[in-house]
Amino acid sequence: MKIEKSIRCQDLFNNALVCSLGPIILGYCDEKVDAAVRRQMEKGVIFSMASDLELEAAETLLSIFHGFGWVRFLKTGGDACSAACRVARAITGRNLILTEGYHGWHDTFFAVQQGNGVPESIRQVSKFVSTKSLAEVSESIVPHLNQAAAVIISPEYGRGEIYRYLSEKCHQTGALLIFDEVVTGCRVSLGGVQELERVRCDMVVMAKAIANGYPVSAIVGKEELRSAFDQTIITMTHGGETLSMAALVATITKLKHEKVLERIAERGRHLMAETNRLFKDFGLPLAVEGFPAMMTVIIKETGNNWLREALSQQLLSKGVFERSRWFLCDAHREAEIDKVLSAVEAALKVIKRSGID
Ligand SMILES: Cc1ncc(COP(=O)(O)O)c(C=O)c1O
């Protein structure tokens, strides 16, 4: 019975806007990616030294992250963010990390959240900052940059000008700028937000969409930071595990040569425009905004959180599984987008009738 249920999850995928919280960019069980993994499985999964495939994977990543000189593969987004902070500390000789949000469960980042289980000494060298506006960057970040090893942020939609200003300030003060593109890398554009918004970063971390769901993360860094690896060690037994390397090369090759992200963006723009039209037509204080490949439904009036929950429940009852963010993948064709829009309309009718708004 349980197995049947998990198989049905795959049937549902075309309607699901979760895409496994981001990694699925082509669609579940993509034929080319899975075939590449099967071919590699015949040859072996892990070797004692770096494989040719790891080199090919690194070259593939560097072919889309222009201006970067090296790659280090790890397994999770949190590992890679943590490793990038270590590199920054090794290079600058400073300890302080300025961080805006969630970059994994690791001590450096959890220190600025609830912090339970994180030693006080680590809390002293992690500081929460905000990049919501130029003023907040000036107030919460700039005064600390002379002491900071790095600022690490997950770039949000529409903040290009703020990030370019931040980058300039970082470079004036010797603090490194790390873009956590665990979610946005190879999704909002091949090279992520740093490419879209032309922001000069010292390191970029990515994970989710780079291998269509196979477990691998990566840091790309500026050539001049390579010497960090003479001063610190970042290594991992399964870092270059070849099934994920094969998946990464196949995924990025497809993204590069088959206009996948362009298609996703076009359908995303349509979904966003039509959903916003429906919200407006029904007179509900909801809006969907963000990147076309990963958008967020927001409530425009405070004190009405039930409305968001009600939308979620109604959509689920109509076969559309979604969470706070709507992720799209290439398997969401026009038919799937139409199904989502019909479900949104049906959900809004129920909500309007029930008077929740
Ligand atoms: C922006 C961001 N950074 C880092 C992470 C951590 O990635 P992982 O779960 O692969 O460790 C996440 C996870 O959702 C994330 O959203």
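Remember, it's a predicted structure, so these values are computed and weren't measured experimentally. (Residues numbered from 1 in each chain as written. Predicted model: local features only at pLDDT ≥ 70, side-chain atom pairs only at ≥ 80, totals over all residues.)

**Section: the overall build of the protein**
And then number 1: A count of helices and strands for the protein gives 14 helices and 10 strands.
And then number 2: In summary, the protein has a C-alpha radius of gyration of 21 Å against a globular reference of 21 Å for 357 residues, a match within 12%.
And then number 3: Summarising its shape, the C-alpha atoms of the protein cover approximately 65 × 55 × 40 Å along the three principal directions.
And then number 4: For the protein, buried positions account for 44% of its 357 residues.
And then number 5: Put simply, of all contacts in the protein between residues at least 6 apart along the chain, 74% involve residues at least 24 apart. (Helix = DSSP H or I, 4+ residues; strand = E, 2+ residues; numbered from the N terminus. Rg over C-alpha atoms; globule rule 2.2 N^0.38 Å. Buried ≥ 20, exposed ≤ 12 C-beta atoms within 10 Å, placed from the backbone. Contact = placed C-beta atoms within 7 Å.)

**What about the sheet that holds strand 3 (residues 126–128)?**
And then number 1: Taking strand neighbours across the sheet as the criterion, the seven strands line up as 1-7-6-5-4-2-3 in an open arrangement whose pairing is mixed. Looking at which strands have only one partner, the edges of the open sheet turn out to be strand 1 (70–74) and strand 3. Taken pair by pair, the neighbouring strands of this sheet meet at an average axis angle of 20°, ignoring direction.
And then number 2: Sheet topology places strand 2 (residues 96–99) next to strand 4 (residues 148–153); four bridges connect them, and they run parallel. When the bridges of strand 4 are listed, Leu98 appears paired with Val151. (Pairing = 2+ DSSP bridges. Axes fitted to C-alpha atoms, helices over the stretch in contact; angles between N-to-C directions.)

**As for the site of the ligand**
And then number 1: Residues in contact with the ligand, as listed here, are Thr76, Gly77, Gly78, Cys81, Tyr102, His103, Gly104, Ser154, Asp180, Val182, Val183 and Ala207.
And then number 2: If one sorts the elements of the shell around the ligand by residue count, helix 4 (residues 77–92) sits on top with three residues.
And then number 3: Across the shell around the ligand, the residue classes break down as five nonpolar, six polar and one charged. (Near = placed C-beta within 6 Å. Nonpolar A, V, L, I, M, F, W, Y, C, P; charged D, E, K, R; others polar.)

**Here's the deal with the domain arrangement of the protein**
And then number 1: When cut into domains, the protein gives domain 1 (31–257) and domain 2 (259–354).
And then number 2: When each unit is reduced to the centre of its C-alpha atoms, the spacing between domain 1 and domain 2 is 30 Å.
And then number 3: Tallying the contact residues gives eight residues for domain 1 and seven residues for domain 2.
And then number 4: Split by residue class, the side of domain 1 that touches domain 2 holds five nonpolar, one polar and two charged. (Domains from an automatic or database assignment.)

**Brief notes about the sheet that holds strand 10 (residues 325–327)**
And then number 1: Overall, antiparallel pairing links the three strands, which are arranged 8-9-10 in an open sheet. This sheet does not close on itself; its edge strands, each paired only once, are strand 8 (286–291) and strand 10. Here the average twist between neighbouring strands, direction ignored, is 25°.
And then number 2: As judged from the six bridges shared by strand 8 and strand 9 (residues 294–299), these two strands associate in the antiparallel manner. The partner of Gly290 across the bridge, within strand 9, is Met295.

**Some remarks on the environment of Val205**
And then number 1: By the element assignment, Val205 lies in strand 6 (residues 203–206).
And then number 2: We classify Val205 as buried; it has 32 C-beta atoms within 10 Å.
And then number 3: Beyond its immediate stretch of four places on either side in the chain, Val205 contacts Gly77, Ala80, Cys81, Ala84, Ile178, Asp180, Glu181, Val182, Ser217 and Ile219.

**A short note on the nonpolar core**
Proteins that are soluble and globular tend to have nonpolar side chains buried together.
And then number 1: Counting residues in hydrophobic clusters, the biggest one holds 105 residues, and the most contacted among them are Ala84, Ala150, Val151, Ile178 and Met203.
And then number 2: By residue number, the principal contributor to this core is helix 11 (residues 242–257), which donates nine residues.
And then number 3: What Ala150 contacts, discounting residues up to four positions off in sequence, is Cys85, Ala88, Ile97, Ala175, Leu176 and Ile178. (Core = buried A, V, L, I, M, F, W, Y, C linked by C-beta atoms within 7 Å.)

**Looking at the pairing of strand 4**
And then number 1: Within strand 4, six of the six residues are buried, which leaves it mostly tucked inside the rest of the structure.
And then number 2: As judged from the four bridges shared by strand 4 and strand 5 (residues 176–181), these two strands associate in the parallel manner. Residue pairing for strand 5: Ala150 is matched across the bridge by Leu176.
And then number 3: Where the polypeptide runs from strand 4 across helix 8 (residues 160–173) and back to strand 5, its parallel neighbour, the crossover connection is right-handed. (Right-handed = clockwise from strand over helix to strand, strands pointing away.)

**As for unusual backbone geometry**
And then number 1: The phi angle at Leu21 is positive, at roughly 65°, despite the residue not being glycine.
And then number 2: As for its position among the elements, Leu21 is in the loop between helix 1 (2–11) and helix 2 (31–43).
And then number 3: Despite not being glycine, Cys29 has its phi angle at roughly 50°, a positive value.
And then number 4: By the secondary structure assignment, Cys29 is in the loop between helix 1 and helix 2.

**Some words on the packing of helix 3 (residues 52–62) against helix 11**
And then number 1: Where helix 3 contacts helix 11, the axes come no closer than 9 Å and their chain directions differ by 30°. The chirality of how helix 3 crosses helix 11 is left-handed. Each of Leu53, Glu54, Glu56, Ala57, Thr60 and Leu61 in helix 3 lies in contact with helix 11, whose residues at this interface are Thr242, Met245, Ala246, Leu248, Val249, Ile252 and Thr253.
And then number 2: By residue class, the composition of the contact of helix 3 with helix 11 is eight nonpolar, three polar and two charged. (Left-handed = near helix turned anticlockwise from the far one by under 90°.)

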